[in-house]
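Commentary on secondary and tertiary structure
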Amino acid sequence: MNGLVIKKNSDKFSVLVGEKVQIFSARNLKDVGIFVGDKVEVDENAISKVKERKNLLIRPPLANVDKMIIVISKTPKPDFLLVDKLIIFCVVHAITPVLCVNKSDLGEDFVNFVKENYKKACKVISCSTVNDEVFEVKKEIYGITTLAGQSAVGKSSIINALLKENVAVIGDFSKKVERGKQTTRIVELYEIEKGKFLADTAGFSKLSEELLNVDEYELKAYYPEFLKFAEKCKYKSCLHLHDQDCEVINAVKSGKISKLRYENYKILQENLKLMKKF
Ligand SMILES: Nc1nc2c(ncn2[C@@H]2O[C@H](COP(=O)(O)OP(=O)(O)OP(=O)(O)O)[C@@H](O)[C@H]2O)c(=O)[nH]1
Ligand SMILES: [Mg+2]
Ligand SMILES: [Zn+2]
């Protein structure tokens, strides 16, 4: 029988087989490991085979991810560099990124600001969990979709709003900011609609440049909005870091390229350079 691993608890796995969730152990599968998101074959009481994976993310451990909904909100202070890193991470791992501005009840200004800066980088949607206004999120979920983003942006709240019941544990905002601790600790898949799963995670909140696995020349390609200007740079190898004859820099100056995105690009270039030194 075929199944999908939706939760892992030490050496026990919750597997969705047909309509039912059953608990299985693993049989001699130590070498491949078994992760949430794995498509498996099961017999009477054990997982007997793990099917080939589309991808496998390590932190948090999650297999076969089709899409990532990157959540950002006006509070806590938004980390746009993390957003850029997550978008690149998605492209590298064949995952479709969507940027979702949560807490739209705190003001449309911030929603519009994010849309303006990111519309050329990936699809941008918005939501608010206050009145369960999460329909745009629901439309985006397919296959195995994961939420990602800083702590306290409202990832677990989005799952709860989608499921209309309090299954995912939500943190107390003030306490969390004080301690800087994450509320969600384990990875679990929630079936939002038949065959459409959403993962709540506590990972991805710090993504180091090493994980991106790109070099300084490749990095340019992950900023699609640079492309049409980059073609006109004097030098083909232009990294768009210096003023002379760089059309990307000119486009930033005239407001045709988002300054926020360009500044993130510069920071990532700098970080990649530092990494190379070690
Ligand atoms: N104003 C407003 N507050 C929200 C909204 N969604 C969530 N919150 C609040 O934001 C805080 C954090 O929500 P969580 O859902 O725990 O955030 P999280 O992203 O899951 O955090 P971690 O599990 O630590 O990664 C809570 O106090 C929520 O009540 C929203 O749409 N509007
Ligand atoms: Mg959470
Ligand atoms: Zn250039």
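Structure's up top.
In what follows, the accompanying structure is described. (Residues numbered from 1 in each chain as written. Chains lettered and ligands numbered in written order. Predicted model: local features only at pLDDT ≥ 70, side-chain atom pairs only at ≥ 80, totals over all residues.)

**Digging into the overall build of the protein**
Along the protein, the regular secondary structure elements total ten helices and 13 strands. The proportion of buried residues among the 278 residues of the protein is 36%. (Helix = DSSP H or I, 4+ residues; strand = E, 2+ residues; numbered from the N terminus. Buried ≥ 20, exposed ≤ 12 C-beta atoms within 10 Å, placed from the backbone.)

**Comments concerning the nonpolar core**
Membership of the largest hydrophobic core comes to 65 residues, with the highest contact counts inside it found for Val 5, Ile 70, Val 71, Leu 86, Leu 99, Cys 100 and Ile 158. By residue number, the principal contributor to this core is helix 1 (residues 80–92), which donates seven residues. (Core = buried A, V, L, I, M, F, W, Y, C linked by C-beta atoms within 7 Å.)

**Describing helix 2 (residues 108–118)**
Residues Val 111, Val 114, Asn 117 and Tyr 118 constitute the buried set of helix 2. End-on view of helix 2: buried residues confined to an arc of 140 degrees, all on one side of the axis. Projecting away from the buried face of helix 2 at angles above 90 degrees are the exposed residues Glu 108, Asp 109 and Glu 116. (Arc of directions from axis to C-beta.)

**Some words on the pairing of strand 8 (residues 67–73)**
Burial analysis of strand 8 places six of its seven residues in the buried class, which makes it a mostly covered element. Bridge count for strand 8 against strand 9 (residues 96–102) is seven bridges, and the pairing is parallel. The residue of strand 9 that forms the bridge with Met 68 is Pro 97. One crossover worth recording links strand 8 to the parallel strand 9 by way of helix 1, and it is right-handed. Looking at chain direction, strand 8 and strand 11 (residues 144–148) are connected through four bridges and run parallel. In the sheet register, Ile 70 faces strand 11, and the bridge partner there is Ala 148. (Pairing = 2+ DSSP bridges. Right-handed = clockwise from strand over helix to strand, strands pointing away.)

**Description of helix 1**
Its 13 residues give helix 1 an end-to-end C-alpha distance of 19 Å, which sits within 8% of 18 Å, the value for a rise of 1.5 Å per residue. Restricting attention to buried positions, one finds in helix 1 the residues Leu 82, Val 83, Asp 84, Lys 85, Leu 86, Ile 87, Ile 88, Phe 89 and Cys 90. At the exit of helix 1 stands Ala 94, carrying a positive phi of roughly 60 degrees. (Expected span 1.5 Å × (residues − 1).)

**Considerations on the environment of Ala 202**
If you trace the backbone, Ala 202 turns up in the loop between strand 13 (196–200) and helix 6 (209–212). Sequence spacing of Ala 202 and Ser 151 is 51 residues, and the spatial spacing of their C-alpha atoms is 7.3 Å.

**Digging into the environment of Asp 132**
Following the sequence through the fold, Asp 132 ends up in the loop between strand 10 (123–126) and helix 3 (135–140). Note on Asp 132: 14 C-beta atoms within 10 Å, which makes it partly exposed. Residues Asp 132 and Ser 157 lie 25 residues apart in sequence; the distance between their C-alpha atoms is 9.2 Å. If we ignore the near neighbours within four places in the chain, the residues touching Asp 132 are Ala 161 and Lys 164. (Contact = placed C-beta atoms within 7 Å.)

**Topic: unusual backbone geometry**
A negative phi holds for most residues other than glycine; trans holds for most peptide bonds. Pro 76 follows Thr 75 through a cis peptide bond whose omega is -5 degrees. As for its placement among the helices and strands, Pro 76 is situated in the loop between strand 8 and helix 1. Located in the positive-phi region is Asp 132, a residue other than glycine, with phi close to 55 degrees.

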